[in-house]
Amino acid sequence: MISSRLISKLRTAESVAVFTGAGISAESGVPTFRGSDGIWKKFKPEELANFDSFMRNPELVWEWYKHRKTIIASIQPNPGHTALAEMEQRFRRFAVITQNIDNLHRRAGSKTVYELHGNIERNYCTGCGKFFADAGIMAGPEVPRCTSCGSIIRPDVVWFGELLPAVVWDKSVKAAEGAGIFLSIGTSGVVYPAASLPLIAKRAGAYVVEINLERTDLSDTADEVILGRSGEILPQLVPYCPQKPA
Ligand code: OAD
Ligand code: ZN
């Protein structure tokens, strides 16, 4: 059930910013980080997701990332991703700001996507920064090395202790500040600075809506909390969005 307040906001909004986390991809079969079968229950982040341990043990980290690449390549965007791609067509300004690295927003058709934590389908050289496609990486040796300088190649994802990509962050803050409606979807909202975006939006006057299976630290601040699966709720919002311009 969508509230009449949100329906009227959707009908008149010019600018929408959407902030997504692992929960939006859960219905596609990507495990979340902190749920009962979350990834961090099985692996210690300090062992797998930081640069020093990568350089100490690139075999282990690459084994894990190749495993994740294989899983992510085999799954599909779900109706939540597709609904956001459809909504983008209906508003003057629309941005998806995602903490996910799974590339499912782009695969669903979203165009303006700010990837705060990188993209698992990209890789780059730790020595010279050159980018490498997945195909060669997956078919090549256990630990891939740069064809130009011989340094180790790493996945283009943000690890613990690393800064977010500055340009992406700046665009995300601008989108949050300029949003009439801000949707926070499927994120526990505990990893900063990403988790500050809903608060930035709220302070700038956005109508903040949280969509999650359960309440989070953001719930008390949000103007509205919709409890449920994003793959079921987001398609229900689409009919209330303005019509596609002719
Ligand atoms: P979490 O695993 O912390 O949170 C996932 C959230 O999604 C939880 O609040 C769930 O209740 C909710 N959820 C699960 N299934 C859902 C569904 N079908 N519909 C709606 N909500 C659902 O994942 P994130 O908040 O994305 O960072 O985690 C943030 C960051 O922590 C990640 O980007 C990653 C990790 O450390 C880096 O790798 C840098
Ligand atoms: Zn190189």
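Caption draft 1: Just the sheet that holds strand β6 (residues 153-157), in detail. The strand order across the open sheet formed by three strands is β5-β4-β6, and the pairing between neighbours is antiparallel. Where the open sheet ends on each side, the last strands, each with one partner, are β5 (131-132) and β6. Pairing analysis gives two bridges linking strand β4 (residues 118-125) to β5, with the strands arranged antiparallel. The residue bridging N123 from the neighbouring strand is F132, located in β5. Along the sheet face, helix α6 (residues 58-74) touches β4 and β6 and points at about 135° away from the line of β4.

Caption draft 2: The arrangement of the coordination of the zinc ion (ligand 2) in detail. Coordination of the zinc ion (ligand 2) by the protein comes from C125 (SG), C128 (SG), C146 (SG) and C149 (SG), over a distance range of 2.3 Å. Its four donor atoms give the zinc ion (ligand 2) angles of 97 to 120° at the centre, a pattern that matches the tetrahedral case. The sequence pattern describing where the donors of the zinc ion (ligand 2) fall on their chain is C-x2-C-x17-C-x2-C. What makes C149 partly exposed here is its relative accessible area of 38%.

Caption draft 3: The sheet that holds strand β7 (residues 181-185), seen in detail. Taking strand neighbours across the sheet as the criterion, the six strands line up as β3-β2-β1-β7-β8-β9 in an open arrangement whose pairing is parallel. Every other strand in the sheet has two partners, leaving β3 (113-115) and β9 (224-227) as the edge strands with one partner each. Geometrically, the sheet is characterised by an average inter-axis angle of 15° between neighbouring strands, direction not taken into account. In the sheet, strand β1 (residues 15-20) pairs with strand β2 (residues 93-98) via six bridges, with the strands oriented parallel. Counterpart to F19 in the pairing with β2 is I97.

Caption draft 4: Local environment of the site of ligand 1. As a structural note, the neighbourhood of ligand 1 is formed by 23 residues, with E27, R34, T187, S188 and N212 the closest of them. In terms of residue count, helix α2 (residues 22-26) provides more of the shell around ligand 1 than any other element does, three residues in total. Residue classes in the shell around ligand 1 are distributed as eight nonpolar, eleven polar and four charged.

Caption draft 5: Spatial organisation of helix α7 (residues 79-88). Buried residues dominate α7, accounting for seven of its ten residues. By the burial criterion, the buried members of α7 are G80, H81, A83, L84, A85, M87 and E88. Where α7 begins, one side-chain oxygen reaches toward the backbone nitrogen of G80, 2.7 Å away; that side chain belongs to N78.

Caption draft 6: Region of the structure containing the domain arrangement of the protein chain. Parsing the protein chain into structural domains produces domain 1 (4-29 + 77-117 + 164-240) and domain 2 (38-74 + 124-157). For domain 1 and domain 2, the distance between their C-alpha centres works out to 28 Å. Facing the four residues of domain 1 at the interface are five residues of domain 2. Summed over both partners, the interface of domain 1 with domain 2 comes to about 370 Å²; 62% of that surface belongs to carbon and sulfur atoms. At the boundary of domain 1 and domain 2, one finds zero salt bridges. Between the two partners, domain 1 and domain 2, sit one residue pair in polar contact (both at pLDDT 80 or more). Looking at side-chain class alone, the side of domain 1 that touches domain 2 contains one nonpolar, one polar and two charged residues.

Rules used throughout
Residues numbered from 1 in each chain as written. Chains lettered and ligands numbered in written order. Predicted model: local features only at pLDDT ≥ 70, side-chain atom pairs only at ≥ 80, totals over all residues. Heavy atoms only, no water. Pairing = 2+ DSSP bridges. Helix = DSSP H or I, 4+ residues; strand = E, 2+ residues; numbered from the N terminus. Contact = heavy atoms within 4.5 Å. Axes fitted to C-alpha atoms, helices over the stretch in contact; angles between N-to-C directions. Donors = N, O, S within 2.8 Å, 3.2 Å for Na, K, Ca; no water. Tetrahedral: all angles 85-135°; square planar, octahedral: opposite > 155°, others 65-115°. Buried < 20%, exposed > 50% of the residue type's maximum accessible area, 1.4 Å probe, protein only. Near = heavy atom within 4 Å. Nonpolar A, V, L, I, M, F, W, Y, C, P; charged D, E, K, R; others polar. Polar contact = N/O pair within 3.5 Å; in protein donor to acceptor, adjacent residues only side chain to side chain. Domains from an automatic or database assignment. Buried area = accessible area lost by both parts, 1.4 Å probe. Salt bridge = Lys/Arg side-chain N within 4 Å of Asp/Glu carboxyl O.

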